Each structure stands twice: as structure tokens, then as C-alpha cells.
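Given next are the chains, with one letter for each unit.
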Amino acid sequence: MTDFDNKSEFADELEILPEISQAEYLIDYPFKDKALLHCALTHSSIAPDPSKSYERLEFFGDRILGMVLSDWLYQAFPQADQGELTNRFHALARQEYLAGICTKLEIQNCLLHEKGSKRLAERPSVQADLIEAIIAALYLDGGLAAAASFIKSHWQVKEAIPDILAENPKSALQEWAAAQKIPLPAYQLVSQTGSDHEPEFCVRVQLAGFPAETATGRSRKTAERAAAALFLKTHILQDKA
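Attention here is on the structure that accompanies the text. Chains are numbered independently. Their residues run from 1 in the order of the written sequence. Confidence filtering applies because this is a predicted model: local features only for residues at pLDDT of at least 70, side-chain atom pairs given and counted only at 80 or more, and all residues used for totals across whole chains, interfaces and linings. Hydrogens are left out, water is left out, and the side-chain values use all remaining heavy atoms of the structure.

1. Let's talk about the overall build of the protein chain
Thinking step 1. Put simply, DSSP marks the helices as runs of H or I at least four residues long and the strands as runs of E at least two long, and each gets a number from the N terminus on. Looking only at helices and strands, the protein chain has 10 helices and 3 strands in total.
Thinking step 2. Going residue by residue from the N terminus, the α and β elements of the protein chain occur as α-α-α-α-α-α-α-α-α-β-β-β-α.
Thinking step 3. Buried means the residue's accessible area, taken with a 1.4 Å probe over protein chains only, is under 20% of the maximum for its type, while exposed means over 50%, and partly exposed covers the values in between. Classification of the 241 residues of the protein chain by burial places 42% in the buried group.
Thinking step 4. Between two residues, a contact is recorded if the distance between any of their heavy atoms is within 4.5 Å. Put simply, 56% of the contacts in the protein chain that link residues at least 6 apart link residues at least 24 apart.
Thinking step 5. Areas reported as accessible are Shrake-Rupley estimates using a 1.4 Å probe. Residue values count occlusion only from the protein chains shown. Accessible area of the protein chain: about 13,400 Å², with a carbon and sulfur share of 52%.

Rendered as C-alpha cells:
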């Protein structure tokens, strides 16, 4: 069998994979090169080598998303200064926002992963990676227009400046500590449980003169955000009520 026959056979196999057709339906884009979408949906747990998982595409998609969002915000808010544009950008590019888009579209149900790891697709970090990988696959298959069309169809550029407390509690806590002229908050990993594909992190945040607060999350970053939000709610916002 020739290499051409092998490629043709592989393309035929991708055509009938339910995850491929479902993903195309959900993102409303028919791929010319199904292998790109297959790669964007493939977790490293079943990839024959790292280049066959979504990790490289996720790296590329993150940069494409950043370029499209930066241009969009620059054009949409001509009076905004650098600080405002930065706050708006981070609100639209953070992991939780991307994971929200993934679950709204239900693309996580198309994830190709190792059998027995049912909760893998529920992790916000995986969901965000999927979205970035799909953006890169769209770019490689249909150019910048295809990637930008997807982004502008599902991201919302709101009129209001993002609430830094809700969008980034770690930054809010750090700014509050700096304003009070006390040492910045310190985060400590208390424990990590679960499997490699379904971990749970427990993180403690400590601020001088206050009891520590502890929270958990599917990633260390998520756990730190949760701990900061809990600290703000318990020790700072309560005082203002």
C-alpha cells in the first residue's frame, strides 16, 4: 500500500469518527483537513507521541487568540488606556473564560482520551486547552479569517470594565495588601491528590496578621484563585459590609 493510500484510508477513518463530525457541528466549521481537528481533540493520554496530541496546537492557539483579542479590543475601545485594555484582555483570555466557552458549546464531549478517565474532560484546564487547540486548527485549515470568526462568534466584549475581584481575586488580594503596606500574600501547596489526569490541588494562602485560608481546585492556579477569593470574602469584604 502506498503512502497516498495510507493517508486516504486515515482520512476516511476520520470522516466516520463521531467526535470529529460532532465537533464540526458544534463549532459550525467543516474542516478540509480532518487530521487537524483530530489532533486538536486528542489528549496526550492516547497520543502515540507528543506531536499527535493537542499540546502544540494549544500553544499556537493561545498566541492567535491573543492577537485577535488585542486587535478587537484596540478597535472597540479607542478611548481606553493600557491598563483598561489589559484588564479587559485578561478577563477574556483567562482559563475559566475559555473553559466556559468550551462547556457552553459542549466541545469537551468530543475529547479523545484514555478510557477510564471520564472526569478528564471536566477539568477547566483541559477545556481551555481544547478551545485554544481548536483555534489553531481553524487557523491552519482556513486562515486567520476562520479563527477570528470563531472567536468573535463566542467571545463577548462587554461595555463594563471587568470586576478585578471576580475576574482575578489573586490580583485583587495583592493590590489590597500593597495598599495596606503589608507583605504580599504567600501561597503554599498543601497537598496534591488524584491521578495524573484527574488531580486535585489544595492550596493555602497566608497574609500577615490574618488566619490562613485553604481551597482546592483541579489545577494549582485554580486552587490559588479559589483561596484568594475565599480570603477576600472572609476577611476583607466582610469588614466592608
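2. Let's talk about the packing of helix α4 (residues 55-76) against helix α7 (residues 124-154)
Thinking step 1. Orientation is described by lines fitted to C-alpha atoms, with helices fitted over the stretch in contact, and by angles between N-to-C directions that extend from 0 to 180 degrees. Taken N-terminus to C-terminus, the directions of α4 and α7 make an angle of 55 degrees; their axes are 7 Å apart at the nearest point. One element, α4, and the other, α7, form an angle in the oblique class. Crossing hand, α4 versus α7: left-handed.
Thinking step 2. In this count, Pro and Cys sit with the nonpolar residues alongside Ala, Val, Leu, Ile, Met, Phe, Trp and Tyr, while Asp, Glu, Lys and Arg are called charged and the others, Gly among them, polar. Here the residues of the contact of α4 with α7 sort into 18 nonpolar, 1 polar and 5 charged. Between 65 and 115 degrees an angle is taken as roughly perpendicular, under 35 as roughly parallel, over 145 as roughly antiparallel, and anywhere else as oblique. Two helices crossing with the near one rotated counterclockwise from the far one by less than a right angle form a left-handed crossing, whereas a clockwise rotation gives a right-handed crossing.

3. Considering helix α5 (residues 82-93)
Thinking step 1. In this model, α5 (12 residues) spans 16 Å end to end at C-alpha, consistent with the 16 Å of a helix rising 1.5 Å per residue.
Thinking step 2. Put simply, Asp 81 is the residue that caps the front of α5, since its side-chain oxygen is 2.8 Å from the backbone nitrogen of Glu 84. The span one expects for a helix is its residue count, reduced by one, times 1.5 Å. Throughout this description, a polar contact denotes any pair of N or O atoms lying within 3.5 Å of each other; where both atoms belong to protein, one of them has to be capable of donating a hydrogen while the other can accept it, and for residues adjacent in sequence the pair is counted only when both atoms sit in side chains.

4. A look at the pattern of salt bridges
Thinking step 1. Any Lys or Arg side-chain nitrogen found within 4 Å of a carboxyl oxygen on Asp or Glu counts as a salt bridge. Overall, the coordinates contain 8 salt bridges when judged by the stated rule.
Thinking step 2. Across the salt bridge formed by Arg 63 and Asp 62, the nearest N and O atoms sit 3.1 Å from each other.
Thinking step 3. A salt bridge links Arg 220 to Glu 224; the nearest nitrogen and oxygen atoms lie 3.5 Å apart. Here the residue Arg 220 and the residue Glu 224 both occupy positions in helix α10 (residues 220-240), the gap between them amounting to 4 residues, near one helical turn.
Thinking step 4. One network of salt bridges, with partners in common, ties together Arg 94, Glu 96 and Arg 225.

5. Digging into helix α2 (residues 18-27)
Thinking step 1. All of the buried residues along α2 are Ile 20, Ala 23, Glu 24, Leu 26 and Ile 27. The arc enclosing the buried residues of α2, seen along the axis, measures out at 165 degrees, which places them on a common side. Exposed side of α2, more than 90 degrees from the buried face: Pro 18 and Tyr 25 are the residues found there.
Thinking step 2. Positive phi shows up at Asp 28, right after α2, with a value of about 60 degrees. Note: the arc covers the axis-to-C-beta directions of the helix.

6. Thoughts on the pairing of strand β2 (residues 199-206)
The two faces of a sheet get side chains in turn, since along a regular strand they alternate between them.
Thinking step 1. Only when DSSP finds a minimum of two bridges between them are two strands counted as paired. The pairing of strand β1 (residues 186-194) with β2 spans 8 bridges and is antiparallel. The residue bridging Ser 191 from the neighbouring strand is Cys 202, located in β2.
Thinking step 2. The turn linking β1 back onto β2 is made up of 4 residues.
Thinking step 3. Bridging between β2 and strand β3 (residues 213-217) involves 5 bridges; their strand directions are antiparallel. The residue of β3 that forms the bridge with Val 203 is Ala 215.

7. Some details on the sheet that holds β1
Thinking step 1. Pairing in this open sheet of 3 strands is antiparallel, and the strands run β1-β2-β3 from one edge to the other. Looking along the sheet, the strands with just one partner apiece sit at the ends: β1 and β3. Across the sheet, the mean angle separating the axes of adjacent strands is 20 degrees when strand polarity is ignored.

8. Section: the packing of aromatic side chains
Thinking step 1. In summary, the pairing rule links any two rings of Phe, Tyr or Trp, Trp by its six-membered ring, whose centres are within 6.5 Å, and it sorts them by plane angle into stacked for under 30 degrees, edge-to-face for over 60 and tilted for everything else. With the rule as written, the count across this model stands at 6 aromatic pairs.
Thinking step 2. Ring geometry for Tyr 29 against Phe 31: centres 4.9 Å apart, planes inclined by 85 degrees, an arrangement best described as edge-to-face. The same class applies to Tyr 29 and to Phe 31, which are both buried.
Thinking step 3. Each residue in the set Tyr 97, Phe 150 and Trp 155 is aromatic and connected to the rest through ring pairs, giving one cluster.
Thinking step 4. Over a ring means this: the NZ of a Lys or the CZ of an Arg is within 6 Å of the ring centre and within 35 degrees of the ring normal. Just above the ring of Phe 77 sits the side chain of Arg 88; from NZ or CZ to the centre is 3.8 Å.
Thinking step 5. Across the ring face of Tyr 187, the terminal group of Lys 170 is positioned such that the distance to the ring centre comes to 4.8 Å.

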